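Each chain, written out:
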Amino acid sequence: MVKITFVEQGQRAVSVEAKPGERLLDVAQGAGVTMEGACEGVMACSTCHVILSEDDFERFPEPREEEDDLLDITFGAVPTSRLACQLTLQEAHDGLVVTLPSQTRSLLF
């Protein structure tokens, strides 16, 4: 199992366990974390934008060009921003801390 802590807007922290191979977006939504994922993970929006620490960012493969393009137009993106739909968890990600941005564009609500 992989332990993940989601920090919502610098306030509420939600710790969950996930199975290796699960997408971070699915884990967040299953845990009741406020993460939209309007395109259901097909990388057509950026509503699953998350921010990782520099160390955690390095534990994932580099983002593909398509993800970088979406992050370029994402509100509040920083150098360690990623889209949760593009992050597949592995045992090496145990202890991951994921921060949700303070604001996001909602496409569904």
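Data block above holds the structure.
Residues numbered from 1 in each chain as written. Predicted model: local features only at pLDDT ≥ 70, side-chain atom pairs only at ≥ 80, totals over all residues. Heavy atoms only, no water.

(A) Summary view of the overall build of the protein. Counting its secondary structure elements, the protein contains 3 helices and 5 strands. A globule of 109 residues ought to have a C-alpha radius of gyration of about 13 Å, and the protein, at 12 Å, matches this closely. Taken along its principal axes, the extent of the C-alpha atoms in the protein is 30 × 30 × 25 Å. Counting across all 109 residues of the protein, residues that qualify as buried make up 46%. Accessible surface for the protein amounts to roughly 6100 Å². Of this, 48% is attributable to carbon and sulfur atoms. (Helix = DSSP H or I, 4+ residues; strand = E, 2+ residues; numbered from the N terminus. Rg over C-alpha atoms; globule rule 2.2 N^0.38 Å. Buried < 20%, exposed > 50% of the residue type's maximum accessible area, 1.4 Å probe, protein only. Areas by Shrake-Rupley, 256 points an atom, 1.4 Å probe, with all protein chains shown as cover.)

(B) Layout of the pattern of salt bridges. Across all of its chains, the model carries 5 salt bridges by this definition. Close ionic contact of Arg82 with Glu67 constitutes a salt bridge, the shortest N to O distance being 2.8 Å. Of this pair, Arg82 sits in strand S4 (residues 81–83) while Glu67 sits in helix H3 (residues 65–72), and the two are 15 residues apart along the sequence. A relative accessible area of 3% places Arg82 in the buried class. For Glu67, a relative accessible area of 2% translates into the label buried. (Salt bridge = Lys/Arg side-chain N within 4 Å of Asp/Glu carboxyl O.)

(C) Molecular detail of unusual backbone geometry. Positive phi is not limited to glycine here, since Glu40 has a value of about 60°. One can find Glu40 in the loop between helix H1 (24–30) and strand S3 (49–52). Even without being a glycine, Met43 presents a positive backbone phi close to 60°. Position of Met43 relative to the elements: it lies in the loop between H1 and S3. For Met43, a relative accessible area of 15% puts it in the buried group.

(D) Molecular detail of the pairing of S3. Residues His49 and Ile51 line one face of S3 and the alternating positions Val50 and Leu52 line the opposite face, and both faces are buried. As paired elements, S3 and S4 share 3 bridges and run antiparallel to each other. Across the sheet, Ile51 pairs through a bridge with Ser81, a residue of S4. Bridge analysis of S3 against strand S5 (residues 96–100) gives 2 bridges, and the strand direction is antiparallel. Bridge pairing in S5 links Ile51 to Thr99. (Pairing = 2+ DSSP bridges.)

(E) Fine view of the nonpolar core. Counting residues in each nonpolar core, the largest one holds 28 residues, and the members touching the most others are Ile4, Phe6, Leu24, Met35, Leu89, Leu96 and Val98. Counting only elements with at least two residues in this core, the list comes to strand S1 (2–8), strand S2 (12–18), H1, S3, H3 and S5. Here the element with the most residues in this core is H1; it accounts for 4 residues. What Leu96 contacts, discounting residues up to four positions off in sequence, is Lys3, Ile4, Thr5, Leu24, Leu52, Asp56, Arg59, Phe60 and Leu89. (Core = buried A, V, L, I, M, F, W, Y, C linked by side-chain atoms within 4.5 Å. Contact = heavy atoms within 4.5 Å.)

(F) Focus on a negative patch on the surface. There is a patch of like negative charges on the surface, built from Glu54, Asp55, Glu58, Glu62, Glu65, Asp68, Asp69 and Asp72. Elements represented by at least two residues in the negative patch include exactly helix H2 (54–58) and H3. With respect to the element layout, Glu54 can be found in helix H2. What makes Glu54 exposed here is its relative accessible area of 59%. (Patch = residues over 30% accessible without salt bridge, like charges linked within 9 Å, V, L, I, M, F, W, Y side chains within 5 Å. Lys, Arg positive; Asp, Glu negative; His and termini not counted. Charge placed at Lys NZ, Arg CZ, Asp CG, Glu CD.)

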